[in-house]
Amino acid sequence: NHTLLTEFVLSGLSNHPELQNLLFFTFCLIYTFTITGNLLFFIATVHPNLHMPMYFFLRVLSFLDVSTASIVVPKMLVNFLSEERRISYVGCATQLYFVIFLGATECYLLAAMAYDRYVAICNPLRYAIIMNSRACFFLVLLSCASGNVVSVVQTVWVFTLPFCGPNKINYFFCDIPPIIMLSCTDTSFYEKQIITATVLVIFTPFCLILVSYACIISSILKISSAEGRCKTFSTCFSHLIVVTLYYGSGTLIYLQPKSSNSQDTKKIIALFYTVIIPTLNPFIYSLRNKEVKGALVKIIAE
């Protein structure tokens, strides 16, 4: 007989009571930096001098990062100060949907940003025509639509699994690998579905990124001056860092749902892509960009 669960319990990051207050203040500070950094970056890139496709994509990326952190961190902060750490069945499904939707959308958006860099470097004379406002909006809409389809499918099949009693999720938010571990049925078929989804969401856009950068590198190598090559490649460097961090951490989590990695290790990796990367992205894209830094300086000075 299957017990109908109405709620789950999140174990959180740590079971040590003496660490809860320290963790609360630490992640409260990180979340503040996330909101502040992305907000300043968003405002800076709205500057009239920065009305270019690249900055449009970066504003969308900033919005996705803030949304991801806001889906995960507030509940995590509450749980640091609570002993119950409960989340309703519907609340868990909702959180899972948005985590997958935002994560998948960001994966596709990073591929769109790679295409933008490809057009800018390999076809600069037609860049304004190809990457017009309609094309940019379409790429963002396509990323969101693809992310929504993936999220709906994954969320529905996870929450149609039977759960027979144990309701403690050994995680700090609702995610697929720890949830399916609570199911009282054979989940091998569902684990294959996760791997398939991982290929669609991570490896497919990643292959598109590799193709884009193969063409970009080929064009850069044709530039005669070393200074010109460095300057051109520097426009892609920040994007490559974010791609490596985001796709790498996502792959480690979802490619092997029941891998030999300890659950604590998975928590750290999940913490990295849901909390740390959204905090780092504004700094990664600002530190090597004189235009963004100039706009930020003007905002802070005012």
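Residues numbered from 1 in each chain as written. Predicted model: local features only at pLDDT ≥ 70, side-chain atom pairs only at ≥ 80, totals over all residues. Heavy atoms only, no water.

Caption draft 1: Representation of empty space enclosed by the protein within the structure. Tallied over the full model, the rule gives 2 cavities of 30 Å³ or more. For the largest cavity, the calculated volume is near 260 Å³. Looking at the largest cavity, it is lined by 18 residues, and the ones nearest its centre are Ile100, Ala104, Val201, Ile202 and Tyr254. Among the secondary structure elements, those contributing two or more residues to the lining of the largest cavity are helix H3 (89–122), helix H5 (133–158), helix H7 (188–221) and helix H8 (226–254). (1 Å grid on protein atoms, 1.4 Å probe; cavity = no way out; pocket = protein on both sides within 12 Å on 5 of 7 lines; lining within 4 Å. Points joined across faces, edges and corners; volume = space filled by probe spheres on them. Helix = DSSP H or I, 4+ residues; strand = E, 2+ residues; numbered from the N terminus.)

Caption draft 2: Main features of unusual backbone geometry. We note that arginine 85 has phi near 55°; this positive angle belongs to a residue other than glycine. In this structure arginine 85 comes out as buried when scored by relative accessible area, which is 12%. (Buried < 20%, exposed > 50% of the residue type's maximum accessible area, 1.4 Å probe, protein only.)

Caption draft 3: Structural context of the sheet that holds strand E2 (residues 86–88). One open sheet accounts for 3 strands, arranged E2-E1-E3; its pairing is mixed. Each edge of the open sheet carries a strand with a single partner, namely E2 and strand E3 (168–169). Pairing of strand E1 (residues 7–10) with E2, which is carried by 3 bridges, proceeds in the antiparallel orientation. Note on E2: the bridge partner recorded for phenylalanine 8 is isoleucine 87. Strands in contact with H3 are E1, E2 and E3; relative to E2, the strand with the most contacts, it is inclined by about 85°. (Pairing = 2+ DSSP bridges. Contact = heavy atoms within 4.5 Å. Axes fitted to C-alpha atoms, helices over the stretch in contact; angles between N-to-C directions.)

Caption draft 4: Region of interest: the pattern of salt bridges. The final tally for this structure, using the stated rule, is 2 salt bridges. Taking the shortest distance from any N to any O, the salt bridge between glutamate 7 and arginine 86 comes out at 3.6 Å. Of this pair, glutamate 7 sits in strand E1 while arginine 86 is found in strand E2, placing the two residues 79 residues apart along the sequence. Residue classification places glutamate 7 among the partly exposed residues on the basis of a relative accessible area of 27%. Residue class for arginine 86 comes out partly exposed when judged on its relative accessible area of 45%. A salt bridge links aspartate 116 to arginine 117; the shortest N-O distance between them is 3.0 Å. Take arginine 117: its relative accessible area is 10%, and that puts it in the buried class. (Salt bridge = Lys/Arg side-chain N within 4 Å of Asp/Glu carboxyl O.)

Caption draft 5: The arrangement of the pairing of E1 in detail. Strand direction decides the pairing type here: E1 and E3, joined by 2 bridges, are parallel. Directly across from leucine 10, in E3, lies its bridge partner isoleucine 169.

Caption draft 6: Structural context of the nonpolar core. Of all hydrophobic cores here, the largest spans 89 residues; its most connected members are Phe8, Phe27, Phe57, Met76, Leu110, Ile169 and Ile179. Other than its neighbours up to four places away in sequence, isoleucine 169 contacts Phe8, Val9, Leu10, Ser11, Cys92, Cys174, Pro178, Ile179 and Leu182. (Core = buried A, V, L, I, M, F, W, Y, C linked by side-chain atoms within 4.5 Å.)

Caption draft 7: Layout of the side chain of serine 11. Locating serine 11 in the fold gives a position in the loop between E1 and helix H1 (20–45). The exposure class assigned to serine 11 is buried, which follows from its relative accessible area of 2%. At 3.0 Å, the side chain of serine 11 forms a polar contact with the side chain of asparagine 170. Filtering out sequence-adjacent residues up to four positions away, serine 11 remains in contact with Arg85, Lys168, Ile169, Asn170, Tyr171 and Lys267. (Polar contact = N/O pair within 3.5 Å; in protein donor to acceptor, adjacent residues only side chain to side chain.)

Caption draft 8: Broad picture of the layout of surface pockets. Empty space within the largest pocket amounts to approximately 600 Å³. Lining the largest pocket we find 19 residues, and of these Met54, Tyr55, Thr235, Asn289 and Glu291 sit closest to its centre. For the lining of the largest pocket, the secondary structure elements donating two or more residues are helix H2 (53–80), H3, H8 and helix H10 (290–301). Looking at the lining of the largest pocket, the element that brings in the most residues is H8, giving 6 residues. Here the residues of the lining of the largest pocket are counted per class, giving 7 nonpolar, 6 polar and 6 charged. If you go around the second largest pocket, you meet 13 residues; those closest to its centre are Tyr108, Ala111, Ala112, Leu142 and Leu208. Secondary structure elements with two or more residues in the lining of the second largest pocket: H3, H5 and H7. Here the lining of the second largest pocket is built from residues that sort into 9 nonpolar, 4 polar and no charged. (Nonpolar A, V, L, I, M, F, W, Y, C, P; charged D, E, K, R; others polar.)

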